[in-house]
Amino acid sequence: MRGLYCQLAESNEDIKFVLQDKESFPSVCDHYVKIQVRVCAFSPVNTKMLTELKLQKDFLPIGREVAGVVIEIGPKVSFFKPNDEVVGILPMDCTESGLSNTLLIHEHSLVTKPENVSWADAAGTIRDGLRAYMALHTHSSVSAGTAVLVMDGANPFGTIVIQLAHHRGAKIISTVHNNEDKKYLEELKPTVGIRQSLVARVINVSDSKVDLVDSCMEETGGLGVNIVVDCGVQLYSKDDESAVKRHLPHKHDILSLLAVAGHWVTTEENLQLDPPDSRLLFCKGASISFLNEEVWQLSNMQQGKYL
């Protein structure tokens, strides 16, 4: 069995890709499932987290989002049977590469692939779908009438968040960085039922005349936003931030537009709050949580609970 792996240099910046052959395929035991891989999606290798969790190896497997057909199951498998079409994410500590013909994976890391979803779409959206599900249901409680702000809603993750929030009856506000993305979100409509835009208001933050906080307050009647899902934030002034972060909202803007008892779901792993920021959160009774989809599989409490 052959799979694709990457080898990092000492600086962790230069990456070398290699194909490795394994002499023998392990037997299918307990809760493990053997699948024939149809499609594998690429995702960045989080070397920093692997190092922190002491999971880094000389050769790291590439391709963790896979879709395929079950060809053999272990004696304790209860969710699947041979010929089932499945999709899932390999755990961070998995030593197998998803870019291989066959793969051995725990049944708790898989879900049934919907019949009307293609192999490529299944593997390509499973990670962002899990992140969106965690943001809206694990970290916060989205419901009908909830005001949800989705930062950079035109990217794949943001688009899934918008659709899930709309499905639960939430009122959605989203930001974009150009007119092309603005048009895309304004034309994003359900395929059935009332074909109105999923997004109540699209805010183009690249327009210097537009203020994010004022726009959100205006759209919510001065109440603020109940849930914020970001794609990173500015921690300092624009002059002190790197070029890749200068288009992001400032952390103080996010705190200012939160409603009473609002919740901010952040992907900014290095978020730092100053005492005035904490005081503002306290006065609003608001809260913050960090979105890290890897804990879903690293925690025994979440295994087998994808949906």
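On a predicted model such as this, the values are computed, not experimentally measured, just so you know.

**Section: empty space enclosed by the protein**
Working step 1: All told, the structure shown has 2 cavities of 30 Å³ or more when counted by the stated rule.
Working step 2: Considering only enclosed or pocket space, the largest cavity measures out at about 190 Å³ in volume.
Working step 3: By residue class, the composition of the lining of the largest cavity is 11 nonpolar, 3 polar and 3 charged.

**Description of the sheet that holds strand S9 (residues 147-150)**
Working step 1: Sheet architecture is open: 6 strands sit in the order S11-S10-S9-S12-S13-S14, paired in parallel fashion. Two strands lie at the open edges of the sheet, namely strand S11 (201-204) and strand S14 (287-290), each paired on one side alone. Strand-to-strand twist across the sheet, computed as the mean angle between neighbouring axes with direction ignored, equals 15°.
Working step 2: Examined bridge by bridge, strand S12 (residues 225-229) and strand S13 (residues 258-266) share 4 bridges and lie parallel to one another. Considered in S13, the bridge of Val229 is made with Val265.

**Structural notes on the packing of aromatic side chains**
Aromatic ring pairs are reported here in terms of the distance separating the ring centres and the angle at which the planes meet.
Working step 1: This model, assessed by the stated rule, comprises 1 aromatic pair.
Working step 2: The interplanar angle of 90° and the centroid separation of 6.4 Å between the aromatic rings of Phe79 and Phe80 together place this pair among those described as edge-to-face.
Working step 3: The exposure class of Phe79 is partly exposed, given its relative accessible area of 47%.
Working step 4: Phe80 gets classed as buried once you look at its relative accessible area, which sits at 7%.
Working step 5: Taking the ring centre of Trp119 as reference, the NZ or CZ of Lys113 above it sits at 4.8 Å.
Working step 6: The ring of Phe157 has Arg131 sitting right over it, with the charged end atom 4.3 Å from the ring centre.

**Here's the deal with the nonpolar core**
Working step 1: Counting residues in each nonpolar core, the largest one holds 37 residues, and the members touching the most others are Val148, Ile162, Leu185 and Val229.
Working step 2: Looking at this core, the elements with two or more residues in it are strand S5 (65-73), strand S6 (85-89), helix H2 (119-138), S9, helix H3 (156-167), strand S10 (171-176) and S12.
Working step 3: With 9 residues, H2 is the largest single contributor of residues to this core.
Working step 4: Residues in contact with Val148, not counting those within four places in the same chain, are Leu136, Val142, Ala165, Ala170, Lys171, Ile172, Ile173, Val225 and Ile227.
Working step 5: One finds Val233, Leu255, Trp264 and Leu271 within the second-largest nonpolar core, a separate group that totals 19 residues.

**Structural notes on the state of the cysteines**
Working step 1: Overall, the coordinates contain 0 disulfides when judged by the stated rule.
Working step 2: This cysteine, Cys40, is not joined by any disulfide, and Cys94 carries the nearest cysteine sulfur, 11 Å off.
Working step 3: Taking relative accessible area as the criterion, Cys40 reaches 18% and is therefore assigned buried.
Working step 4: We classify Cys94 as buried; its relative accessible area is 14%.

Conventions adopted
- Residues numbered from 1 in each chain as written.
- Predicted model: local features only at pLDDT ≥ 70, side-chain atom pairs only at ≥ 80, totals over all residues.
- Heavy atoms only, no water.
- 1 Å grid on protein atoms, 1.4 Å probe; cavity = no way out; pocket = protein on both sides within 12 Å on 5 of 7 lines; lining within 4 Å.
- Points joined across faces, edges and corners; volume = space filled by probe spheres on them.
- Nonpolar A, V, L, I, M, F, W, Y, C, P; charged D, E, K, R; others polar.
- Pairing = 2+ DSSP bridges.
- Helix = DSSP H or I, 4+ residues; strand = E, 2+ residues; numbered from the N terminus.
- Axes fitted to C-alpha atoms, helices over the stretch in contact; angles between N-to-C directions.
- Phe/Tyr/Trp six-rings, centres within 6.5 Å; stacked < 30°, edge-to-face > 60°.
- Buried < 20%, exposed > 50% of the residue type's maximum accessible area, 1.4 Å probe, protein only.
- Lys NZ or Arg CZ within 6 Å of the ring centre and 35° of its normal.
- Core = buried A, V, L, I, M, F, W, Y, C linked by side-chain atoms within 4.5 Å.
- Contact = heavy atoms within 4.5 Å.
- Disulfide = S-S within 2.5 Å.

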